[in-house]
Amino acid sequence: MSGASPLNCLSLQDVASLVYNPQMIDLHTHTLFSDGELVPAELVRRADRMGYRWLAITDHVDSSTLEHAIRGAVAAAAEVARYWKIRVLPGAELTHNPPDLLPELIREARRMGARVVVVHGETLVEPVPEGTNTMAIAGGCDILAHPGLITAAEARQAARRGVALELSARKGHCLANGHVAARAAAAGATLVVNSDAHSPGDLIARETAARVARGAGLAERAVAGVFKNAERLAVRLAAGSPA
Ligand SMILES: [Zn+2]
Ligand SMILES: [Zn+2]
């Protein structure tokens, strides 16, 4: 094809992915810094190719690995920013920590440069310490991932503190999505849909994320709201202003 089409700097595959996967925002993914399969550059490249607008790198951390993983994510995000359009936010996912340590670990993660602090919530499929949801919210994390059977009081507290609750596209963690969606709606808490990707095949198109939200019982208007929330959250976190 020749001529002056404004799209001729894009391959057909690029155009197709923009059409079919517009503006995906995914604030919870993993790389080799924990148990993901890819180096950050490949994860980001694949997400970029799928039409992602925002991607957060949020590897599992505890107090002993936090510095290493966040330094790596910060370096990866800075490198990408110079070459690609996709916006990458460095972050971390505090995982299976003693709940009482969470507020301090959240502060420490931010000091190390994490823009997105996720806490690995009380999913139905892992023995996450009881009290994790409560202390993650009290500590003011940005996103409480797969919070399992979150209570009404916790959801209200999340709404007050501006902590987003996650609907997970990941198998197992997704089992309580319907419950999480109902609790969030009753409390007025913000919902986001994330892939929790560990492998290339885990990255999801925006339409898949929309289906995850619908599957959790959200009406169309609420599904659109989830993407608006995610965009607002990404912009705020990129600017470095936690709730
Ligand atoms: Zn993992
Ligand atoms: Zn995760």
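Model, not experiment: these values are computed from the prediction. (Residues numbered from 1 in each chain as written. Chains lettered and ligands numbered in written order. Predicted model: local features only at pLDDT ≥ 70, side-chain atom pairs only at ≥ 80, totals over all residues. Heavy atoms only, no water.)

Trainee: Any chance you could explain the coordination of the zinc ion (ligand 1) here in plain terms?
Mentor: In an ideal octahedron of six donors the angles at the metal are 90 or 180 degrees, and in an ideal tetrahedron of four donors they are 109.5 degrees. Around the zinc ion (ligand 1), the protein contributes the donor atoms Asp35 (OD), His60 (NE2) and His198 (NE2), at 2.0 to 2.2 Å from the metal centre. A spacing of 4.9 Å is found between the zinc ion (ligand 1) and the zinc ion (ligand 2). Of the two residues, Asp35 is situated in the loop between strand S1 (24–26) and helix H2 (40–49) and His60 in strand S2 (residues 52–61); the sequence distance between them amounts to 25 residues. (Donors = N, O, S within 2.8 Å, 3.2 Å for Na, K, Ca; no water. Helix = DSSP H or I, 4+ residues; strand = E, 2+ residues; numbered from the N terminus.)

Trainee: What is the right way to read the confidence of the model for the protein from this model?
Mentor: In regions of low pLDDT, the predicted coordinates are not meant to be interpreted in detail. Looking at the protein, pLDDT values average 92 and 91% of them are 70 or higher. The low-confidence segment residues 1–8 (pLDDT under 50) makes two contacts with residues lying over four places distant or belonging to another chain. (pLDDT = per-residue confidence, 0-100. Contact = heavy atoms within 4.5 Å.)

Trainee: For this particular structure, what's the right way to read the sheet that holds strand S3 (residues 87–94)?
Mentor: To summarise the sheet geometry, strands pair through backbone hydrogen bonds and adopt either a parallel or an antiparallel arrangement. If you walk across this open sheet you meet the seven strands as S1-S2-S3-S4-S5-S6-S7, and the pairing is parallel. Each edge of the open sheet is held by one strand with a lone partner, namely S1 and strand S7 (191–194). Within the sheet, the average angular offset between the axes of one strand and its neighbour, ignoring direction, is 30 degrees. Relative to the sheet, helix H4 (residues 102–111) contacts S3 and strand S4 (116–120), its axis offset from that of S4 by approximately 150 degrees. (Pairing = 2+ DSSP bridges. Axes fitted to C-alpha atoms, helices over the stretch in contact; angles between N-to-C directions.)

Trainee: What's the story with the pattern of salt bridges in this structure? I'm lost.
Mentor: For side chains bearing opposite charge, pairing can occur when the charged atoms are close. If you walk through the whole model with that rule in mind, you get eleven salt bridges. Arg111 serves as the salt-bridge partner of Glu108, at 2.7 Å between the closest nitrogen and oxygen. Pair noted here: Glu108 and Arg111 are both in helix H4, with a separation of three residues, about one helical turn. You can call Glu108 partly exposed: its relative accessible area is 26%. With its nearest N and O atoms 3.2 Å apart, the salt bridge here joins Arg170 to Asp202. Taken together, the positions of Arg170 in the loop between strand S6 (164–168) and helix H7 (177–187) and Asp202 in the loop between S7 and helix H8 (206–215) put the pair 32 residues apart, joining distant regions of the chain. Three or more residues are tied together by salt bridges with common partners; here these are Glu104, Arg107, Glu108 and Arg111. (Salt bridge = Lys/Arg side-chain N within 4 Å of Asp/Glu carboxyl O. Buried < 20%, exposed > 50% of the residue type's maximum accessible area, 1.4 Å probe, protein only.)

Trainee: What is the right way to look at a nonpolar patch on the surface in this model?
Mentor: On the surface, Leu124, Val125, Leu149 and Leu175 cluster together into a nonpolar patch covering about 400 Å² of accessible area. On the secondary structure map, Leu175 appears in the loop between S6 and H7. (Patch = residues over 30% accessible without salt bridge, like charges linked within 9 Å, V, L, I, M, F, W, Y side chains within 5 Å. Areas by Shrake-Rupley, 256 points an atom, 1.4 Å probe, with all protein chains shown as cover.)

Trainee: Which parts of the structure should I look at to understand the nonpolar core?
Mentor: Side chains that are nonpolar tend, in soluble globular proteins, to be buried together. Core analysis: the biggest nonpolar cluster contains 58 residues, and Leu94, Leu144, Leu165, Leu167, Leu191 and Leu218 have the highest contact counts within it. Looking at this core element by element, the count peaks at seven residues for helix H3 (residues 66–81). Excluding anything up to four places from it in sequence, Leu144 contacts Val119, Gly121, Asn133, Ala136, Ile137, Ile150, Val163, Ala164, Leu165 and Glu166. (Core = buried A, V, L, I, M, F, W, Y, C linked by side-chain atoms within 4.5 Å.)

Trainee: Explanation requested: the coordination of the zinc ion (ligand 2) in the structure shown.
Mentor: On the protein side, the zinc ion (ligand 2) has His28 (NE2), His30 (NE2), Glu93 (OE) and Asp196 (OD) as donor atoms, found 2.0 to 2.3 Å from it. Considering all four donor atoms around the zinc ion (ligand 2), the spread of angles at the metal, 85 to 168 degrees, places the coordination shape in the irregular class. The sequence pattern describing where the donors of the zinc ion (ligand 2) fall on their chain is H-x1-H-x62-E-x102-D. A residue is classified by how much of its surface remains accessible, and His28, at 0% relative accessible area, is buried. (Tetrahedral: all angles 85-135°; square planar, octahedral: opposite > 155°, others 65-115°.)

Trainee: Please explain the side chain of His173 as it appears in this structure.
Mentor: Within the secondary structure, His173 is located in the loop between S6 and H7. Judged by relative accessible area, which is 8%, His173 ranks as buried. Setting aside its immediate chain neighbours within four residues, His173 contacts His120, Thr123, Val125, Glu126, His146, Ser168 and Asp196.

Trainee: It is not clear to me how the pairing of S4 should be interpreted in this structure. Could you clarify?
Mentor: Remark: a regular strand shows side chains that alternate across the two faces of the sheet. The element S4 is extensively covered by neighbouring structure, given that five of its five residues are classed as buried. Of the two faces of S4, both are covered, the one formed by Val116, Val118 and His120 as well as the one formed by Val117 and Val119. Alignment of S4 against strand S5 (residues 143–145), held across three bridges, turns out to be parallel. By the bridge assignment for S5, Val118 is matched with Ile143.

Trainee: Please explain H3 as it appears in this structure.
Mentor: For an α-helix, 3.6 residues make a turn, and residues three or four places apart therefore share a direction. Its 16 residues place the ends of H3 22 Å apart at the C-alpha level, agreeing with the 22 Å of an ideal helix rising 1.5 Å per residue. Taken together, the buried positions of H3 are Leu66, Ala69, Ile70, Gly72, Ala73, Ala76, Ala77 and Val80. One face of H3 carries all of its buried residues, which in axial projection span an arc of 160 degrees. In H3, the exposed positions angled more than 90 degrees off the buried face are occupied by His68 and Arg71. The inward-facing, buried residues of H3 contact H2, S2, S3 and H4. (Expected span 1.5 Å × (residues − 1). Arc of directions from axis to C-beta.)

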